[in-house]
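Fold and contact review
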Amino acid sequence: MRYWLMKSEPFKYSWDDLVAEKEGTWDGVRNHRAKNNLAAMAVGDQAFFYHSREGLEIVGICEVSVAGITDPTDPEGKWAAVKIKPKTKLPNTVTLKQIKAEPRLADCELVKLSRLSVAEIKPEEWSIILSMAGV
């Protein structure tokens, strides 16, 4: 299993929206590295759900339910997408400020490539962030 972080602006698509839908399609990504990350995902992979622009925090964990699909918003069929299901809301959100203040997360893609909308999270980073969230 691999771990990821998926960013969404909460006024466009929030954690609560995903919970209400029970399964959402992660589409509209138009960055090549983020596309490659989406294409590398497998069913059962876990991802942090991160609210960008507002909040700047990890709020929950979701799971890839369908992998390897073509982005339905792309008429040319070049971009990747996945379906995700909510798994759990974190007991405590973990802010970008907290992540940047944690030296063990200095090499995290969220810190190093801050504009990347779909980032890979290493297993040890996953564990650190879960601990920060009180899990």
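Residues numbered from 1 in each chain as written. Predicted model: local features only at pLDDT ≥ 70, side-chain atom pairs only at ≥ 80, totals over all residues. Heavy atoms only, no water.

To continue, consider the overall build of the protein chain. From N to C terminus, the protein chain includes five helices and six strands. Seen in sequence order, the protein chain has helices and strands lined up from the N terminus as β-α-β-α-β-β-β-α-α-β-α. Counting only C-alpha atoms, the protein chain reaches 40 × 30 × 30 Å along its principal axes. Residue burial in the protein chain is summarised as follows: out of 135 residues, 44% are buried. Taking the intrachain contacts of the protein chain between residues at least 6 apart in sequence as the baseline, contacts between residues at least 24 apart amount to 70%. Of the roughly 7,000 Å² of accessible surface on the protein chain, a fraction of 49% belongs to carbon and sulfur atoms. Charge-centre separation for the protein chain: the mean point of 19 positive side chains lies 3 Å from the mean point of 19 negative side chains. (Helix = DSSP H or I, 4+ residues; strand = E, 2+ residues; numbered from the N terminus. Buried < 20%, exposed > 50% of the residue type's maximum accessible area, 1.4 Å probe, protein only. Contact = heavy atoms within 4.5 Å. Areas by Shrake-Rupley, 256 points an atom, 1.4 Å probe, with all protein chains shown as cover. Lys, Arg positive; Asp, Glu negative; His and termini not counted. Charge placed at Lys NZ, Arg CZ, Asp CG, Glu CD.)

A word on the pairing of strand E1 (residues 3–8). The buried fraction of E1 is high, at six of six residues. Of the two faces of E1, both are covered, the one formed by Tyr3, Leu5 and Lys7 as well as the one formed by Trp4, Met6 and Ser8. Bridging between E1 and strand E3 (residues 46–51) involves six bridges; their strand directions are parallel. Residue pairing in the sheet places Ser8 in a bridge with His51 of E3. Strand direction decides the pairing type here: E1 and strand E6 (residues 118–121), joined by four bridges, are antiparallel. By the bridge assignment for E6, Trp4 is matched with Glu120. (Pairing = 2+ DSSP bridges.)

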